[in-house]
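Listed below are the residues making up each chain.
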Amino acid sequence: MLKDELEINDGLFMIDGPLDLSFLMKFASSVPGHDQLRNERFEPQYAQEFEDTEDIMSVIAQRDVLLYHPYESFEPVNEFVWQAARDPEVLAIKMTMYRVNGQSSLVKALEYAAAEGKQVTVVVELKARFDEERNIAWAKQLEKAGCHVVYGLVGLKIHVKILLVVRREQHGLKRYIHVGTGNYNEATAKTYTDIGLMTSNDTIGADASALFNEVTGYSVPRNWEAFAVAPNGLKQKLIKLIDREIEHAQAGKEAKIIAKMNSLSNQEMINKLYEASIAGVKIDLIIRGVCCLKPEVPGLSENIRVISIVDRYLEHSRIVYFYNDGDEEVYLSSADWMTRNLEKRVELLCPVFDDELKNTLIVLLKMSLSDNVKARQLRMTGQYEVVERVYEEPFRSQYVAQQVSSWKG
């Protein structure tokens, strides 16, 4: 078909093995002209919380901040690390590295921080698929610069996305944290939808320190105050939260779960969602890729709705919402509900404590659930169908997020 459509007869090559199709992205962006075939250019907003200051940490010290990529720029994360690298009161910077772009500002900032005598610890995952060679190169470069590079745990991929800065202040040490659903990658932050939480919350900070101590081998697993961490506790935490919704439903109360992720295939989680549906819990799942759960089955999953959104940006964020009898809870996570994530990787589930930010994330989830242009609904047959639009105006969630002058509030 391609030969016919492109009118190609010569210059064809047979390749014995997989073909890296990422070259098509470079091809599409480098060929001049043909702008009518490209998406309209979009420039991410700079987070409004940081617009009037160059002191990122002073803002985070006062309030939690959400970053919503690609609608908001990744630049505040870069500036956060550079500020920490230059600040003489910062004692340590620790971060995980799974997929980092080629000319990474973060890596340069870490090298600078090490040269300034700060304790810089980088947990590098060498088995990040397709990025193994690049990560090995980054690891060597960081070690040469004086950073303490850790290569993770035997048998477990380090997939968590977290950044910790420890600063000496008037009343003692203070921790500043960034927890994300996506990688520390400036390039993918322009094409993937991801959420980043920047906070100085003491409970999250203590857990962040303990997590780095654990993955670097300095301590045994702890009893987490805020986090749930795979492979030893994240799945159990999710099951406990779902069980709570089941109890509310069985008591005749409103019970609701919304979960957004890339894939759902772990059988134990699927069975737990079936159990919740049978109990009367209303469940909305926003799953872009693989979904092994069968919705809409009478007596089993009739209270479960599954949609997939495939649009200009890759839907990549993992967000979980529980109604909790009106005391709503929202979590950010690095983990999909797959066996490999829940049982064979170091992953993180982090609560969002700030009520305003919780409400913002709930609005974002509802925007996705309202999509009737790019959303497709999974039926019990296993087929995806266009979301039925009856007397409704077209609502394209990514387009709306892109057009709104500020998606917060």
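The paragraphs below set out a description of the structure included in this document.

Rules used in this analysis
- Residues numbered from 1 in each chain as written.
- Predicted model: local features only at pLDDT ≥ 70, side-chain atom pairs only at ≥ 80, totals over all residues.
- Heavy atoms only, no water.
- Helix = DSSP H or I, 4+ residues; strand = E, 2+ residues; numbered from the N terminus.
- Buried < 20%, exposed > 50% of the residue type's maximum accessible area, 1.4 Å probe, protein only.
- Contact = heavy atoms within 4.5 Å.
- Axes fitted to C-alpha atoms, helices over the stretch in contact; angles between N-to-C directions.
- Parallel < 35°, antiparallel > 145°, perpendicular 65-115°, else oblique.
- Nonpolar A, V, L, I, M, F, W, Y, C, P; charged D, E, K, R; others polar.
- Pairing = 2+ DSSP bridges.
- Phe/Tyr/Trp six-rings, centres within 6.5 Å; stacked < 30°, edge-to-face > 60°.
- Lys NZ or Arg CZ within 6 Å of the ring centre and 35° of its normal.
- Patch = residues over 30% accessible without salt bridge, like charges linked within 9 Å, V, L, I, M, F, W, Y side chains within 5 Å.
- Areas by Shrake-Rupley, 256 points an atom, 1.4 Å probe, with all protein chains shown as cover.
- Salt bridge = Lys/Arg side-chain N within 4 Å of Asp/Glu carboxyl O.
- Polar contact = N/O pair within 3.5 Å; in protein donor to acceptor, adjacent residues only side chain to side chain.

1. Remarks on the environment of Trp337
So, step 1. With respect to the helices and strands, the residue Trp337 is situated in the loop between strand 15 (329–333) and helix 10 (339–343).
So, step 2. When its relative accessible area of 2% is taken as the criterion, Trp337 is described as buried.
So, step 3. For the pair Trp337 and Asn266, spaced 71 residues apart in sequence, the C-alpha separation works out to 5.9 Å.
So, step 4. Leaving out residues up to four positions away in the same chain, Trp337 has contacts with Leu238, Ala259, Met261, Ser263, Leu264, Ser265, Asn266, Met269, Leu273, Val320 and Leu342.

2. A few points about the packing of helix 8 (residues 234–250) against helix 9 (residues 267–279)
Each pair of packed helices can be described by the angle between their axes along with the distance between the axes.
So, step 1. Two numbers describe how helix 8 lies on helix 9: the axes approach to 9 Å, and their chain directions differ by 10°. It follows from the interaxial angle that helix 8 and helix 9 lie roughly parallel. From helix 8, Lys235, Leu238, Ile239, Ile242, Asp243, Ile246, Ala249 and Gln250 reach across to helix 9, where they touch Glu268, Met269, Lys272, Leu273, Glu275, Ala276 and Ala279.
So, step 2. Grouping the amino acids of the contact of helix 8 with helix 9 by side-chain chemistry returns nine nonpolar, one polar and five charged.

3. Overview of the pairing of strand 7 (residues 172–180)
So, step 1. Two strands pair when backbone bridges link them, and strand 6 (residues 162–169) and strand 7 are joined in this way by eight bridges, in the antiparallel orientation. Its bridge partner lying in strand 7, Ile162 is registered against Val179.
So, step 2. Of the strand pairs in this sheet, strand 7 and strand 8 (residues 192–199) are connected by four bridges, and their pairing is antiparallel. Paired with Gly180 across the strands is Gly196, a residue of strand 8.

4. Concerning the packing of helix 4 (residues 75–86) against helix 5 (residues 105–115)
So, step 1. Taken N-terminus to C-terminus, the directions of helix 4 and helix 5 make an angle of 10°; their axes are 8 Å apart at the nearest point. Taken together, the axes of helix 4 and helix 5 are roughly parallel relative to one another. Along its contact with helix 4, which presents Val77, Asn78, Val81, Trp82, Ala85 and Arg86, the element helix 5 presents Ser105, Leu106, Lys108, Ala109, Leu110, Tyr112 and Ala113.

5. Details of unusual backbone geometry
So, step 1. For the peptide bond that leads from His69 to Pro70, omega is 5°, which places it in the cis range.
So, step 2. Tracing the backbone shows Pro70 in the loop between strand 1 (65–69) and helix 4.
So, step 3. That bond from Ala230 to Pro231 is cis: its omega, 10°, falls within 30 degrees of zero.
So, step 4. With a phi angle near 55°, Asp325 is a residue other than glycine that sits in the positive phi range.
So, step 5. Structurally, Asp325 can be placed in the loop between strand 14 (318–322) and strand 15.
So, step 6. Residue Asp325 is classed as partly exposed on the basis of its relative accessible area of 39%.

6. Some remarks on the packing of aromatic side chains
So, step 1. By the definition in use, this model includes seven aromatic pairs.
So, step 2. Between Trp224 and Phe227, the aromatic rings sit 6.4 Å apart at their centres with planes inclined by 35°, giving tilted as the arrangement.
So, step 3. For Trp224, a relative accessible area of 21% puts it in the partly exposed group.
So, step 4. In textbook terms, an aromatic cluster arises when at least three aromatic residues are bridged by ring pairs, as seen for Phe42, Tyr68, Tyr71 and Tyr313.
So, step 5. Residue placement shows Lys256 over the ring face of Tyr323; its charged tip is 5.6 Å from the ring centre.

7. Structural notes on a nonpolar patch on the surface
So, step 1. A surface patch of nonpolar side chains, about 610 Å² in accessible area, is lined by Ile15, Leu19, Leu21, Phe23, Leu24 and Phe27.
So, step 2. Note on placement: Phe27 falls in helix 2 (residues 23–30).

8. What about the side chain of Ser333?
So, step 1. Of note, Ser333 is situated in strand 15.
So, step 2. In terms of polar contacts, Ser333 uses its side chain to reach the backbone amide nitrogen of Ala335, at 3.0 Å.
So, step 3. Apart from residues lying up to four places away in sequence, Ser333 is in contact with Thr181, Leu234, Arg318, Leu348 and Leu349.

9. Some remarks on the pattern of salt bridges
So, step 1. All chains considered together, the criterion is met by 19 salt bridges.
So, step 2. Between Glu49 and Arg63 there is a salt bridge, with its nearest N and O atoms 3.9 Å apart. Taken together, the residues span a long stretch of sequence, with Glu49 in the loop between helix 2 and helix 3 (56–62) and Arg63 in the loop between helix 3 and strand 1 at a distance of 14 residues.
So, step 3. Judged by its relative accessible area of 13%, Glu49 is buried.
So, step 4. Look at Arg63 and you get partly exposed, because its relative accessible area is 34%.
So, step 5. For Glu89, the salt bridge is made with Arg168, and the minimal N-O distance between the two is 3.1 Å. Remark: Arg168 occurs in strand 6 and Glu89 occurs in the loop between helix 4 and strand 2 (90–97); sequence separation between them is 79 residues.
So, step 6. Accessibility expressed as a relative area gives 29% for Glu89, which makes it partly exposed.
So, step 7. By relative accessible area, which is 40% here, Arg168 ends up partly exposed.
So, step 8. A network of salt bridges, in which partner residues are shared, links Asp87, Arg167 and Glu169.

10. So, helix 5
So, step 1. In terms of burial, helix 5 is a largely internal element, eight of the eleven residues being buried.
So, step 2. Looking only at helix 5, the buried set comprises Ser105, Leu106, Val107, Ala109, Leu110, Glu111, Ala113 and Ala114.
So, step 3. At the N-terminal boundary of helix 5, the capping side chain belongs to Ser104, with an oxygen 3.2 Å from the backbone nitrogen of Leu106.
So, step 4. Positive phi appears at Gly117, one or two residues downstream of helix 5, with a value of about 90°.

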